[in-house]
Amino acid sequence: MMLNKDPEIAEIAAHASTLISTYGYAPTQAYTDQTGIINNLINDLNDYLKPEEREKIGIVDWVNDLDESNKNFKKLYMERVRYFKNKEKRKKRINPYGDR
């Protein structure tokens with residue numbers, strides 16, 4: 001049971017806590033798995049909690065910040081993947097016979 005004097009807030013917070021805990025500890029996962037976990041968590045919080053419930057327990061800004069940070073991470077991660085993929089292609093074109 002969540003500790004709040006208002007039983008309605010306690011119930012909503014308990015529901016949110018259950019949703020969050022179903023995903024485990026994301027930082028132990030690979031980057032792409034973490035991104036998927038965060039996407040699913042955000043979707044679940046938005047799908048299973050009404051907007052007024054999210055507002056009532058004060059997680060609206062947190063969910064929005066988490067979503068924005070996750071999108072920024074995904075964008076930067078994909079830029080990094082493309083950079084190293086292109087770097088390998090350039091390396092092969094420059095030296096088709098391998099390192100000497």
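Residues numbered from 1 in each chain as written. Predicted model: local features only at pLDDT ≥ 70, side-chain atom pairs only at ≥ 80, totals over all residues. Heavy atoms only, no water.

*Asks:* I keep staring at the packing of aromatic side chains and nothing clicks. Help me out?
*Replies:* The relation between two aromatic rings is expressed through the spacing of the ring centres and the mutual angle of the planes. Here the structure, examined in full by the defined rule, presents 4 aromatic pairs. Judged by centre distance (6.1 Å) and plane angle (70°), the ring pair of Tyr31 and Tyr77 falls under edge-to-face. Taken as a pair, Tyr31 in helix H2 (residues 31-48) and Tyr77 in helix H4 (residues 60-94) lie far apart in primary sequence, 46 residues in all. Relative accessible area serves as the criterion here: at 23%, Tyr77 is assigned to the partly exposed category. (Phe/Tyr/Trp six-rings, centres within 6.5 Å; stacked < 30°, edge-to-face > 60°. Helix = DSSP H or I, 4+ residues; strand = E, 2+ residues; numbered from the N terminus. Buried < 20%, exposed > 50% of the residue type's maximum accessible area, 1.4 Å probe, protein only.)

*Asks:* Can you help me understand the environment of Thr22 in this one?
*Replies:* Inspection of the secondary structure puts Thr22 in the loop between helix H1 (7-21) and H2. Residue classification places Thr22 among the exposed positions, given a relative accessible area of 55%. Between the alpha carbons of Thr22 and Leu41 there is a distance of 8.8 Å; along the sequence they are 19 residues apart. Of note is the side chain of Thr22, whose polar atom sits 2.6 Å from the backbone oxygen of Leu19. (Polar contact = N/O pair within 3.5 Å; in protein donor to acceptor, adjacent residues only side chain to side chain.)

*Asks:* What should I look at first to understand the layout of surface pockets in this one?
*Replies:* A water-sized probe rolled over the atoms picks out the places where empty space is left. Approximately 150 Å³ is the volume found for the largest pocket. If you trace the largest pocket, you find it lined by Ile20, Tyr23, Gly24, Ala26, Pro27, Gln34, Ile37, Ile38, Leu41 and Trp62. No other element matches the 4 residues that H2 contributes to the lining of the largest pocket. (1 Å grid on protein atoms, 1.4 Å probe; cavity = no way out; pocket = protein on both sides within 12 Å on 5 of 7 lines; lining within 4 Å. Points joined across faces, edges and corners; volume = space filled by probe spheres on them.)

*Asks:* How should I be thinking about the nonpolar core in this particular structure?
*Replies:* The nonpolar side chains of a soluble globular protein tend to be buried, and buried together. Grouped together as the largest cluster of nonpolar side chains are 10 residues: Ile12, Ala16, Leu19, Ile38, Leu41, Ile42, Leu45, Leu49, Ile59 and Val63. The element that contributes the greatest number of residues to this core is H2, accounting for 4 residues. Apart from residues lying up to four places away in sequence, Ile59 is in contact with Leu45, Leu49 and Arg54. (Core = buried A, V, L, I, M, F, W, Y, C linked by side-chain atoms within 4.5 Å. Contact = heavy atoms within 4.5 Å.)

*Asks:* What is the right way to read the pattern of salt bridges from this model?
*Replies:* Oppositely charged side chains can form a pair if their charged atoms are brought close together. If you walk through the whole model with that rule in mind, you get 2 salt bridges. Between Lys56 and Glu8 there is a salt bridge whose closest N-O contact spans 2.9 Å. A residue pair is termed long-range when its members are at least 10 positions apart, and Lys56 in helix H3 (residues 51-56) and Glu8 in helix H1 qualify at 48 residues. According to the relative accessible area criterion, Glu8 is partly exposed, its value standing at 42%. (Salt bridge = Lys/Arg side-chain N within 4 Å of Asp/Glu carboxyl O.)

*Asks:* Could you clarify how one ought to interpret the environment of Ala10 in this entry?
*Replies:* Here Ala10 lies in helix H1. Look at Ala10 and you get buried, because its relative accessible area is 5%. With 47 residues separating them in the primary sequence, Ala10 and Ile57 have C-alpha atoms 8.5 Å apart.

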